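Geometric and topological summary
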Amino acid sequence: MGLKPDLMVAHTNLVTAILQSEVRTVPLLFIGVADPIGSGFVTNFARPTSNLTGFTNNETFMGSKWLGTLLEIAPHVDHVGFM
C-alpha cells in the first residue's frame, strides 16, 4: 500500500524539479527556490496553474521593497549598497 500524502513540500530547485516531473495530483509546495518563474515551476505568482505553489525569499523585485522599508525606518540614510 503506497503513501497518499495530502501535501508535499520541496526545498531547493533540484528537489522541486524532480517532484514536478513525478507528482501531478498532490499539491506541491516549494520553499527556498530561486527564480520559480524562470525555472519553469510557475507562470506567475498570483495564480498557480498546476499543483505547484510556494515562495522564495529572494525574488528580484524584493530589493526595492527592502530599500523602501529601510528608508521608512531610517529616513536619514543617504547611501546604501546592496550585494
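Residues numbered from 1 in each chain as written. Predicted model: local features only at pLDDT ≥ 70, side-chain atom pairs only at ≥ 80, totals over all residues. Heavy atoms only, no water.

Details of the sheet that holds strand β2 (residues 28-31)
Two modes of strand pairing occur in sheets, parallel and antiparallel, and in both the strands are linked by backbone hydrogen bonds. Convention followed: When DSSP finds two or more bridges between two strands, those strands count as paired. Put simply, DSSP marks the helices as runs of H or I at least four residues long and the strands as runs of E at least two long, and each gets a number from the N terminus on. All axes here are fitted lines through C-alpha atoms, helices being fitted over the stretch that makes contact, and every angle between N-to-C directions spans 0 to 180 degrees. Any two residues whose heavy atoms approach within 4.5 Å are treated as being in contact.
In spatial order, the strands read β1-β2-β3; together these three strands make up an open sheet with parallel pairing. Only two strands of the sheet have a single partner each, and these edge strands are β1 (8-11) and β3 (52-54). Looking at each pair of strands side by side, their axes are set apart by 30° on average, direction ignored. Inspection of the sheet shows β1 paired to β2 by four bridges, in the parallel sense. For Val 9, the partnering residue across the bridge sits in β2 and is Leu 29. Those strands touched by helix α1 (residues 13-22) are β1, β2 and β3, and its axis lies near 140° from that of β1.

Focus: the side chain of Thr 16
Mapped onto the secondary structure, Thr 16 falls in helix α1. Among residues more than four places away in sequence, those in contact with Thr 16 are Ala 10, Leu 28, Phe 30, Val 33, Phe 41 and Leu 52.

Points about the environment of Leu 52
Selection rule: Residue exposure (1.4 Å probe, protein chains only): buried if accessible area is under 20% of the type maximum, exposed if over 50%, otherwise partly exposed.
Of note, Leu 52 is situated in strand β3. Leu 52 sits in the buried class, given a relative accessible area of 1%. When near neighbours in sequence (up to four residues on either side) are disregarded, Leu 52 contacts Thr 16, Gln 20, Leu 28, Phe 30, Phe 41 and Val 42.

Let's talk about a nonpolar patch on the surface
Threshold: Residues form patches when they are more than 30% accessible in relative terms and have no salt bridge. Like charges link within 9 Å. Nonpolar side chains (Val, Leu, Ile, Met, Phe, Trp, Tyr) link within 5 Å. Working definition of accessibility: Shrake-Rupley area with a 1.4 Å probe, residue cover restricted to the visible protein chains. When a carboxyl oxygen of Asp or Glu is within 4 Å of a side-chain nitrogen of Lys or Arg, the pair counts as a salt bridge.
Nonpolar side chains collect at one region of the surface, where Leu 14, Val 15 and Ile 18 lie side by side and expose about 280 Å² of accessible area between them. Taking the relative accessible area as the measure of exposure, Val 15 reaches 35% and is therefore partly exposed.

Some words on unusual backbone geometry
Even without being glycine, Thr 12 reaches a positive phi, approximately 90°. When you line up the elements, Thr 12 lands in the loop between β1 and α1. According to the relative accessible area criterion, Thr 12 is partly exposed, its value standing at 30%. Positive phi outside glycine occurs at Asp 35, with the angle close to 50°. Along the chain, Asp 35 falls in the loop between β2 and β3. With relative accessibility at 39%, the residue Asp 35 sits in the partly exposed group.

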